Amino acid sequence: MNDDVRNILLGVAATGVSAALGWLARTYLWRRKLRRKQAFFGLPENSESLLVVNRNAGGPDLTVTRQDVFALLELSALIKDCGARAQVVAHDTAQQGFGERTEFCVGGPGSNHRMEAHLRSLLPGVRAGEPGPDRAAFVIGGERYPLEKGRTEYAILARLTADLGHGTRPVFLFCGQRAIDNQAASRYLARHHERLARRYGTGSFVLLLKVVNSQAYGPDVVELVGDVTRAARTPVAEPDPQPAGDTA
């Protein structure tokens, strides 16, 4: 074997080794990224999750608004990427506790009874959908966030783990003042879940999002107002009853 043939064989071998090492490195990084994503969403391979949506008040059929359908599509893609499966259930039939399966709950408390229960049990510092002329406003820790339809709207995006169940799977809440805000919250999660996972790991968080000029930009322009986890999870003190007046 002359030197030229030897050099060619060594070059081919080096190329093959480099390609194999590169493939192994890419595979390792991809698997690590997938494991982090699965841990953040609580969706190991072949696990099941729930997509909880509104039921049309006009009949028994399970129908949702166009924007909520888009939100479900965003979430379904995330679930599929984790190698998990999703079951769509109506808000008034999802009668089960927390932690057994990852849950994605979409809709405001006025139309989604499951969301109303989650806010009452898990986020006692949030007031939403209360009777009155400004019933769409959010009140979080004493701060009021009113709805300006088509201009300034708000949505709550939360990842919560509760001690009320027997498992450890999280509940994700997408609670908007309007349906388009639910979609905006789900899109925000789809775009920023890696950053959120780096910051919060597998812990709980509650974010308040502002949807800017939805009449022109739809659900695409979203600003993070802030992390309101502490205020949202702290029960609101009820006002003390007024003392009765002295009687003559």
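For the structure itself, look to the data block above.
Criteria and thresholds
Residues numbered from 1 in each chain as written. Predicted model: local features only at pLDDT ≥ 70, side-chain atom pairs only at ≥ 80, totals over all residues. Heavy atoms only, no water. Helix = DSSP H or I, 4+ residues; strand = E, 2+ residues; numbered from the N terminus. Buried < 20%, exposed > 50% of the residue type's maximum accessible area, 1.4 Å probe, protein only. 1 Å grid on protein atoms, 1.4 Å probe; cavity = no way out; pocket = protein on both sides within 12 Å on 5 of 7 lines; lining within 4 Å. Points joined across faces, edges and corners; volume = space filled by probe spheres on them. Nonpolar A, V, L, I, M, F, W, Y, C, P; charged D, E, K, R; others polar. Expected span 1.5 Å × (residues − 1). Arc of directions from axis to C-beta. Pairing = 2+ DSSP bridges. Axes fitted to C-alpha atoms, helices over the stretch in contact; angles between N-to-C directions. Contact = heavy atoms within 4.5 Å. Core = buried A, V, L, I, M, F, W, Y, C linked by side-chain atoms within 4.5 Å.

**What about unusual backbone geometry?**
Move 1: Of note, the phi angle at Asn46 is positive, near 65°, even though the residue is not glycine.
Move 2: Turning to its location among the elements, Asn46 is positioned in the loop between α1 (3-41) and β1 (48-53).
Move 3: For Asn213, which is not glycine, the phi dihedral falls at a positive 50°.
Move 4: Inspection of the secondary structure assignment puts Asn213 in the loop between β9 (205-212) and α5 (214-217).
Move 5: For Asn213, a relative accessible area of 23% translates into the label partly exposed.

**Observations concerning empty space enclosed by the protein**
Empty space among the atoms becomes apparent when a probe as large as a water molecule is rolled across them.
Move 1: For the structure shown, the criterion picks out one cavity of 30 Å³ or more.
Move 2: Counted as a void, the largest cavity has a volume near 40 Å³.
Move 3: Forming the boundary of the largest cavity are Leu50, Gln96, Gly97, Phe98, Gly99, Glu100, Arg101, Glu103, Arg114 and Val171.
Move 4: Looking at the lining of the largest cavity, its residues break down into three nonpolar, three polar and four charged.

**Some points on helix α2 (residues 66-81)**
Move 1: The terminal C-alpha atoms of α2, which comprises 16 residues, lie 23 Å apart, in line with the 22 Å expected from a rise of 1.5 Å per residue.
Move 2: All of the buried residues in α2 are Asp68, Ala71, Leu72, Leu75, Leu78 and Ile79. Seen end-on, α2 carries its buried residues on one side only, within an arc spanning 120°. Of the residues in α2, the exposed ones pointing more than 90 degrees away from the buried face are Arg66, Leu73 and Lys80.
Move 3: Two residues or fewer past α2, Gly83 is found with a positive phi of approximately 75°.

**Focus: the sheet that holds strand β7 (residues 152-160)**
Pairing between sheet strands relies on hydrogen bonds along the backbone, with the strands arranged either parallel or antiparallel.
Move 1: Across the sheet, which stays open at both edges, the seven strands sit in the order β2-β1-β3-β8-β7-β9-β10 with mixed pairing between neighbours. Every interior strand has two partners, whereas the edge strands, β2 (85-90) and β10 (222-227), have only one. Direction aside, the axes of adjacent strands within the sheet are offset by 20° on average.
Move 2: In this structure, strand β3 (residues 102-106) lies alongside strand β8 (residues 171-176), joined through four bridges in parallel fashion. Its bridge partner being in β8, Val106 is matched across the sheet by Phe174.
Move 3: Sheet strands touched by helix α3 (residues 113-122): β1, β3, β7 and β8. Its angle to β8, the strand with the most contacts, is close to 110°.

**Topic: the nonpolar core**
Move 1: Core analysis: the biggest nonpolar cluster contains 26 residues, and Phe41, Leu75, Phe104, Leu157, Phe174, Leu189 and Leu207 have the highest contact counts within it.
Move 2: Those elements that place two or more of their residues in this core are α1, β1, α2, β3, β7, β8, α4 (179-200) and β9.
Move 3: With sequence-adjacent residues up to four places away left out, Phe41 is seen in contact with Leu78, Cys82, Thr102, Phe104, Pro170, Phe172, Leu189 and His193.
Move 4: If you look at the next biggest cluster of nonpolar residues, it comprises 25 residues, including Leu119, Val126, Phe138 and Leu208.

Remember that the coordinates give geometry; whether it matters functionally is a separate question.
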